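Residues per chain, in single letters:
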Amino acid sequence: MDNISIRIFQGTTQPYPPADINIVIDVIRAFTVSHIAFLRKAREVLLVNTVEEAFALKALNPNYLLAGEIAGIPIPHFDLDNSPHTFSVAYLEDKTLVQKTSNGVKATLLALNAETILVTGLSNARNTAMHANKIAEGKDICSINIIASHEGDDDDLACAEYIQDILLNQQKIKVDGIKSRILDSRPAQKFFDAEKIEFDARDMNYCASEIACDFVMLVDKSADIPRIIMKAK
């Protein structure tokens, strides 16, 4: 689309410039996990920067489920880890989740300076790009930041370039190539290391796949705690 201006950023250390739309990517694994949670009929996902914030919310709301990781490792006394496979078999219907992760959540909380904030992994990338295009159609000029939250790694960058290709209707990038880049990326390798038993290789089946659904993941920043909700695509 001629009216779209796109910038791609990597990492969680820089301030992202204001934009009409921010799309935040965490393929391995935060927003693949969020996608699976909504497929399992979760109600919402609250986003927090610290473990202390998560526990404080749990103390006030015992039915909330805490989910996340630090350096990829499950957080002690959290209800759930950051594994798409774990989420795929968890009972989450109508549950509120509280998510704390090292990259995707952190990047999102730094990216609230946009009219619309969307989050995704590869699993929902096409829907996310198409939804952003619908928003852009109603504007003379639409600025979009695509934020690959893993700094210096190819998994999120590959997904960012795929989304950019869809937004611009270039049709130059094939999803199979993106899947290969994700599986070959540095963050993926620990999942295939038999000695790293804390990482489940089955997670990569979700992270490197497109998963059909009828929604995108929108960040609602209107309350004190930003939350991800489902929005019809």
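Chains are numbered independently. Their residues run from 1 in the order of the written sequence. It should be noted that, the model being predicted, local features are given only for residues of pLDDT at least 70 and side-chain atom pairs only at 80 or more, the latter also being counted only at that level, while totals for whole chains, interfaces and linings use all residues. Computation of side-chain values: all heavy atoms of the structure, hydrogens and water removed.

One open sheet accounts for ten strands, arranged 1-8-2-7-9-10-3-6-4-5; its pairing is mixed. Two strands close off the open sheet at either side, each with one partner strand: strand 1 (4-10) and strand 5 (73-74). Relative to strand 9 (residues 215-220), strand 7 (residues 114-120) runs antiparallel, the two being bridged by two bridges. Opposite Val119, over in strand 9, you have Met217 as the bridge partner. On the sheet, helix 2 (residues 51-60) packs against strand 3 (44-47), strand 4 (65-70) and strand 6 (96-100) and is oriented at approximately 170° with respect to strand 4. Here, a strand pair is defined by DSSP locating no fewer than two bridges between the strands. The helix and strand labels rest on DSSP assignments: H or I over at least four residues marks a helix, E over at least two residues marks a strand, and numbering proceeds from the N terminus. Contacts are residue-level and defined by heavy atoms, with any inter-residue pair within 4.5 Å sufficient. A fitted line through C-alpha atoms serves as each axis, taken over the contacting stretch for helices, and the angle formed by two N-to-C directions is quoted from 0 to 180°.

Consecutive side chains along a regular strand alternate between the two faces of the sheet. With respect to burial, strand 8 (residues 142-148) is a largely interior element, seven of its seven residues being buried. The classification of residues rests on relative accessible area computed with a 1.4 Å probe and restricted to protein chains. Under 20% of the type maximum is buried, over 50% is exposed, and intermediate values are partly exposed. Neither face of strand 8 is open: one carries Cys142, Ile144, Ile146 and Ala148, the other Ser143, Asn145 and Ile147, and all of them are buried. Direction of pairing for strand 2 (residues 19-25) relative to strand 8: parallel, over a ladder of five bridges. Paired with Asn22 across the strands is Asn145, a residue of strand 8.

Attention shifts here to the nonpolar core. Core analysis: the largest hydrophobic core is formed by 36 residues, its most contacted members being Ile23, Ile144, Ile163 and Leu167. At seven residues, helix 6 (residues 154-167) tops the list of elements feeding residues into this core. Excluding anything up to four places from it in sequence, Ile163 contacts Ile23, Ile25, Thr120, Ala125, Ala129 and Ile146. Buried Ala, Val, Leu, Ile, Met, Phe, Trp, Tyr and Cys residues that are joined via side-chain atoms within 4.5 Å together make up what is termed a nonpolar core. If you look at the next biggest cluster of nonpolar residues, it comprises 32 residues, including Val33, Leu65, Phe87 and Ile228.

Attention shifts here to the pairing of strand 6. Of all five residues in strand 6, five are buried, a share of seventy percent or more. Side-chain alternation along strand 6 places Thr96, Val98 and Lys100 on one buried face and Leu97 and Gln99 on a second face that is also buried. Strand direction decides the pairing type here: strand 3 and strand 6, joined by four bridges, are parallel. Paired with Leu47 across the strands is Gln99, a residue of strand 6. The pairing of strand 4 with strand 6 spans four bridges and is classified as parallel. Paired with Leu65 across the two strands is Leu97, which belongs to strand 6.

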